[in-house]
Amino acid sequence: DNVIRAMSRVIQVVPNAVYVMVGAGQHHPVLEQLVIELGLQECVIFAGFIPDEELGLYYAAANVMVLVGQEFQPGMPVEGFGIAYIEANATERPVIGSRLGATPDTIVDGVTGILVAPNDEEEIATSIIRLLVNPDLAQQMGQQGRERVIRKFTWHIQANRLRRQLATIGPR
């Protein structure tokens with residue numbers, strides 16, 4: 001909802017900006033109503049459920065991936081590890097996410113993307129605008145994100161990490 005609200009500011013600077021929301025969660029009707037109330041039907045698109053094998057196409061078509069998690073209640077963030085940020089970085093896209101949960105483990109602020117306060121619509125808007133009006137910066141963050149994914153988050157690297165951890169436990 002905060003990204004949708006931020007879009008009101010974004011389109012004032014980048015009039016052709018479009019926010020494509022992927023997924024079909026229980027909050028969809030509330031978010032659709034918010035889009036109507038704010039008059040943002042032209043710049044917010046609800047793509048619905050997208051199969052995993054097609055998500056890469058959505059990331060690749062984007063200029064920036066924005067997923068700003070919130071808290072269920074204080075101290076309980078919605079976002080766990082944030083695999084979506086890693087997937088977007090893998091397609092050389094910069095990412096914007098909140099400073100909650102494990103998101104800071106997946107986004108290197110100012111390097112692979114931007115971390116924002118989850119309820120700060122102005123900061124969210126400013127971050128989106130910054131990347132949309134600075135394509136060189138967005139490209140640099142996207143490339144650095146991909147390099148980091150290759151260095152740290154491939155299945156092969158993660159499997160080796162797990163093997164090393166399991167070896168420290170030893171047989172029982």
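Higher on the page you've got the structure.
Here goes a summary of the coordinates provided.

Criteria and cut-off values
Residues numbered from 1 in each chain as written. Predicted model: local features only at pLDDT ≥ 70, side-chain atom pairs only at ≥ 80, totals over all residues. Heavy atoms only, no water. Helix = DSSP H or I, 4+ residues; strand = E, 2+ residues; numbered from the N terminus. Rg over C-alpha atoms; globule rule 2.2 N^0.38 Å. Contact = heavy atoms within 4.5 Å. Areas by Shrake-Rupley, 256 points an atom, 1.4 Å probe, with all protein chains shown as cover. Lys, Arg positive; Asp, Glu negative; His and termini not counted. Charge placed at Lys NZ, Arg CZ, Asp CG, Glu CD. Axes fitted to C-alpha atoms, helices over the stretch in contact; angles between N-to-C directions. Parallel < 35°, antiparallel > 145°, perpendicular 65-115°, else oblique. Nonpolar A, V, L, I, M, F, W, Y, C, P; charged D, E, K, R; others polar. Salt bridge = Lys/Arg side-chain N within 4 Å of Asp/Glu carboxyl O. Buried < 20%, exposed > 50% of the residue type's maximum accessible area, 1.4 Å probe, protein only. Core = buried A, V, L, I, M, F, W, Y, C linked by side-chain atoms within 4.5 Å. Left-handed = near helix turned anticlockwise from the far one by under 90°.

With that out of the way, let us pick up the overall build of the chain. Broken down by element type, the chain carries 8 helices and 7 strands. By the compact-globule yardstick of 16 Å for 172 residues, the chain fits well, its C-alpha radius of gyration being 17 Å. The dimensions of the chain, computed from C-alpha atoms along their principal axes, are 60 × 35 × 30 Å. Long-range contacts, defined as pairs at least 24 residues apart, comprise 59% of the intrachain contacts of the chain with a sequence gap of at least 6. Summing over all exposed atoms, the chain offers an accessible surface of approximately 10,200 Å²; the carbon and sulfur share of this is 54%. Of the side-chain charges in the chain, 13 are positive and 19 negative, and the distance between the mean point of each set is 14 Å.

Another aspect to go through is the packing of helix α6 (residues 121-133) against helix α7 (residues 135-152). At their nearest, the axes of α6 and α7 sit 5 Å apart, and the two run at 100 degrees to each other. The orientation of α6 with respect to α7, classified from their angle, is roughly perpendicular. Touching Arg130, Leu131, Leu132 and Val133 of α6 are Pro135, Leu137, Ala138 and Met141, all from α7. Its residues assigned to classes, the contact of α6 with α7 comprises 7 nonpolar, no polar and 1 charged.

With that out of the way, let us pick up the pattern of salt bridges. Per the counting criterion, the structure on display carries 5 salt bridges. Glu121 serves as the salt-bridge partner of Arg9, at 3.6 Å between the closest nitrogen and oxygen. Placement of Arg9 in helix α1 (residues 2-13) and of Glu121 in helix α6 is noted, with a sequence separation of 112 residues between them. In this structure Arg9 comes out as partly exposed when scored by relative accessible area, which is 30%. The salt bridge partner of Arg9 is Glu122, with a shortest N-O separation of 2.7 Å.

This next bit is on the nonpolar core. Of all hydrophobic cores here, the largest spans 28 residues; its most connected members are Ile4, Met7, Tyr19, Val44, Val66 and Ile96. Elements represented by at least two residues in this core include exactly α1, β1 (19-22), α2 (28-38), β7 (113-116), α6 and α7. The contacts of Tyr19, once residues within four sequence positions are left out, are Val3, Ile4, Met7, Cys43, Val44, Ile45 and Val66. If you look at the next biggest cluster of nonpolar residues, it comprises 10 residues, including Ile50, Tyr59, Ala84 and Val95.

Before going further, it helps to spend a moment on the packing of α1 against α2. Axis separation between α1 and α2 bottoms out at 10 Å; the angle between their running directions is 20 degrees. On the basis of the axis angle, α1 is roughly parallel to α2. Crossing geometry of α1 relative to α2 is assigned as right-handed. Across the interface between the two elements, Ile4, Arg5 and Ser8 of α1 pack against Leu31, Leu34, Val35 and Leu38 of α2.

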